[in-house]
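Observations on the model geometry
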Amino acid sequence: MKNLCNMTFEELRDFVTGRGEPAYRAEQVWQWVWAKGVRSFEEMTNLAKDFRSDLAQVTEIRWPEVSEVLVSADTTVKFLLRLTDGALVEAVLIPGRTHTTLCLSTQVGCAMGCTFCSTGDMGFARNMTMAEILGQVLVARQHMKDTGRDAKEIKNLVFMGMGEPLLNLDELMRSLAVLNSESGLGFSQRRITVSTVGILKGLEVLGDSELAMLAVSLHAPTQELREQLMPTAAKAVPLDQLMAALDSYPLRPRQRITYEYIMLKGVNDRPEHAKGLVKLLGQRKAKVNLIAYNAGPDDLYQAPERMDILTFEKILLVKGLVATIRTSKGQDINAACGQLKADFIRRKLANRDPKDTNQ
Ligand code: SF4
């Protein structure tokens with residue numbers, strides 16, 4: 001059965017007209033699936049009954065199944081989602097002062113093996129489909145409604161969950177088109193951020209599309225240190241090549257590229273690293289997000305001292321770099337965005353249903 005959540009608007013239109021219906025029916029179905037988030041054909045009340053039953057026979061509206069919901073003391077919500085083949089992924093709703101951000105996964109596991117990330121430890125299982133990627137948005141919106149809040153409070157989307165989005169380029173681009181569609185999910189390009197370690201082909205496609213903002217996981221000011229922290233990514237695209245690619249990334253007049261910098265105690269949080277960052281980014285249209293590592297008891301790295309984060313930030317600011325310290329939310333449920341803790345998934349897999357064959 002075809003999942004309607006797996007169709008772009010053009011695919012849906014071809015499908016609908018292929019079944020002998022006028023093209024405007026596609027627009028109606030589209031709005032039911034994405035803008036209204038319905039899950040049954042009976043609810044599509046402006047469609048003729050015959051068409052609804054035809055749709056029900058050959059298509060489905062399938063969202064990821066919510067396996068577990070964890071709510072942190074600071075109201076961060078982590079969803080553990082089970083995909084059709086039993087694979088598990090996470091999505092995280094992060095409350096802000098004025099709006100809520102949703103952090104999305106794009107792959108089951110990740111091939112990049114960054115040494116500070118437990119998703120990397122899991123290795124790569126498979127790419128997520130568009131329906132699975134956008135299903136996270138539908139589930140999160142439904143959760144808002146079910147808890148008496150307005151689904152529209154979710155204003156920002158960040159692709160910083162499990163996986164490297166630009167290594168799942170086709171499904172990512174299809175998803176971005178649906179997210180940007182006004183009659184679909186209706187997020188503007190400025191409200192969507194794709195975070196990547198820096199995949200050259202993907203950067204080119206994403207930049208040309210103008211469908212999202214860009215964040216780059218930098219984490220180190222030098223090739224040597226970057227190779228230590230994120231060996232696969234840094235060896236595949238050395239820092240000088242990455243910066244050259246980013247220098248030609250299309251930006252609007254006041255737009256900047258965000259550089260994510262996860263601070264690890266004694267590893268990359270020293271003043272010399274801050275000075276290295278100034279040297280690397282000082283002349284570029286850059287904004288640095290400093291993120292304190294959220295350490296668990298058995299982790300290789302430790303969380304930085306508050307004082308060291310402030311000193312680091314000050315060095316950047318004094319030299320004119322735009323920098324912010326991103327507060328880590330949801331620490332008690334291991335939901336810090338960009339460093340999702342796969343131990344939750346591991347625990348789940350340890351007790352998994354034997355019929356789940358994936359992973
Ligand atoms: S930090 Fe991102 S790219 Fe690196 S291993 Fe984790 S999920 Fe993959």
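The subject of this paragraph is the packing of aromatic side chains. Applying the stated criterion to the full structure yields four aromatic pairs. Seen in terms of ring centroids, Y293 and Y301 are 6.2 Å apart; in terms of plane orientation they differ by 85°. Their pairing is edge-to-face. By the ring-pair criterion, three or more aromatic residues cluster together here, those being F9, W30 and W34. One Lys or Arg, K36, reaches over the ring of W32 and ends 4.1 Å from the middle of that ring.

Further remarks concern the environment of R126. Structurally, R126 can be placed in strand β8 (residues 124–127). Classification of R126 as buried rests on a relative accessible area of 18%. Distance from R126 to T106, taken between C-alpha atoms, is 9.4 Å for residues 20 residues apart in sequence. At 2.7 Å, the side chain of R126 and the side chain of D85 are in polar contact.

By nearness alone, every residue bordering the ligand is listed as C110, M112, G113, C114, F116, C117, G120, G163 and V197. A per-class count over the shell around the ligand returns six nonpolar, three polar and no charged.

Right, let's talk about the nonpolar core for a bit. Judged by nonpolar contacts, the single largest core of 106 residues is most densely connected at W34, L176, L179, L281 and L316. Among the elements that take part in this core, helix α5 (residues 130–146) stands out by supplying nine residues, more than any other. For this core, the domains that each give at least three residues are domain 1 (2–60) and domain 2 (65–350). Here L316 is in contact with A274, L277, V278, V288, L290, L321 and A323, once residues within four sequence places are set aside. Ranked by size, the runner-up nonpolar core spans six residues in total, among them V92, I94, C103 and A215.

We now examine the side chain of R226. Mapping R226 onto the fold places it in helix α8 (residues 223–229). No salt bridge is formed by the buried R226; its nearest oppositely charged neighbour, E164, is found at 8.1 Å. Other than its neighbours up to four places away in sequence, R226 contacts V197, S217, L218, A220, P231, A234, V237, L239 and L242.

Once that is clear, we can look at the domain arrangement of the protein. One can read the domain layout of the protein as domain 1 (2–60) and domain 2 (65–350). Domain 1 and domain 2 are separated by 33 Å when their C-alpha centres are compared. Each side of the interface is counted separately: domain 1 has 14 residues, and domain 2 has 15 residues. Between domain 1 and domain 2, the buried area comes to about 1000 Å², and carbon and sulfur atoms account for 56% of it. Three residues, N6, W30 and W34, lead the burial of domain 1 against domain 2; their summed loss comes to 52% of the area buried on that side. The interface formed by domain 1 and domain 2 holds one salt bridge in total. The salt bridge involving R174 is made with E11; its shortest N-O contact spans 2.7 Å. In this structure, the connection of domain 1 to domain 2 is made through five residue pairs in polar contact (both at pLDDT 80 or more). No other element matches the six residues that helix α2 (residues 24–35) contributes to the side of domain 1 that touches domain 2.

Any two packed helices are characterised by how steeply their axes cross, that is the angle between the axes, and by the distance between the axes. The geometry of α2 relative to α5 is characterised by a closest axis approach of 10 Å and an angle of 65° between their N-to-C directions. Touching V33, W34 and A35 of α2 are M130, L134, L138 and R141, all from α5. Considering only residue class, the contact of α2 with α5 consists of six nonpolar, no polar and one charged.

It is worth spelling out the pairing of strand β13 (residues 286–292) at this point. Burial of β13 is extensive: five of the seven residues sit out of reach of the surface. In this structure, strand β12 (residues 257–263) lies alongside β13, joined through seven bridges in parallel fashion. For M263, the partnering residue across the bridge sits in β13 and is A292. Between β12 and its parallel partner β13, the chain crosses via helix α11 (residues 271–281), and the hand of that crossover is right-handed. Here β13 runs beside strand β14 (residues 322–326); their pairing, made up of five bridges, is parallel. Pairing of N289 across the sheet is with T324, part of β14.

This brings us to the sheet that holds β13. What the 10 strands build is an open sheet, ordered β3-β4-β5-β6-β9-β10-β11-β12-β13-β14; its pairing is mixed. Each edge of the sheet is formed by a strand with only one pairing partner; in this case those strands are β3 (65–71) and β14. Each neighbouring strand pair of the sheet contributes to a mean axis angle of 25°, computed without reference to strand direction. Inspection of the sheet shows strand β9 (residues 154–159) paired to strand β10 (residues 192–196) by three bridges, in the parallel sense. From the neighbouring strand, F159 faces β10, where its bridge partner is V194. Relative to the sheet, α5 contacts β3, β4 (77–82), β5 (88–95), β6 (100–103) and β9, its axis offset from that of β4 by approximately 130°.

Reading the values: the criteria
- Residues numbered from 1 in each chain as written.
- Predicted model: local features only at pLDDT ≥ 70, side-chain atom pairs only at ≥ 80, totals over all residues.
- Heavy atoms only, no water.
- Phe/Tyr/Trp six-rings, centres within 6.5 Å; stacked < 30°, edge-to-face > 60°.
- Lys NZ or Arg CZ within 6 Å of the ring centre and 35° of its normal.
- Helix = DSSP H or I, 4+ residues; strand = E, 2+ residues; numbered from the N terminus.
- Buried < 20%, exposed > 50% of the residue type's maximum accessible area, 1.4 Å probe, protein only.
- Polar contact = N/O pair within 3.5 Å; in protein donor to acceptor, adjacent residues only side chain to side chain.
- Near = heavy atom within 4 Å.
- Nonpolar A, V, L, I, M, F, W, Y, C, P; charged D, E, K, R; others polar.
- Core = buried A, V, L, I, M, F, W, Y, C linked by side-chain atoms within 4.5 Å.
- Domains from an automatic or database assignment.
- Contact = heavy atoms within 4.5 Å.
- Lys, Arg positive; Asp, Glu negative; His and termini not counted.
- Salt bridge = Lys/Arg side-chain N within 4 Å of Asp/Glu carboxyl O.
- Buried area = accessible area lost by both parts, 1.4 Å probe.
- Axes fitted to C-alpha atoms, helices over the stretch in contact; angles between N-to-C directions.
- Pairing = 2+ DSSP bridges.
- Right-handed = clockwise from strand over helix to strand, strands pointing away.

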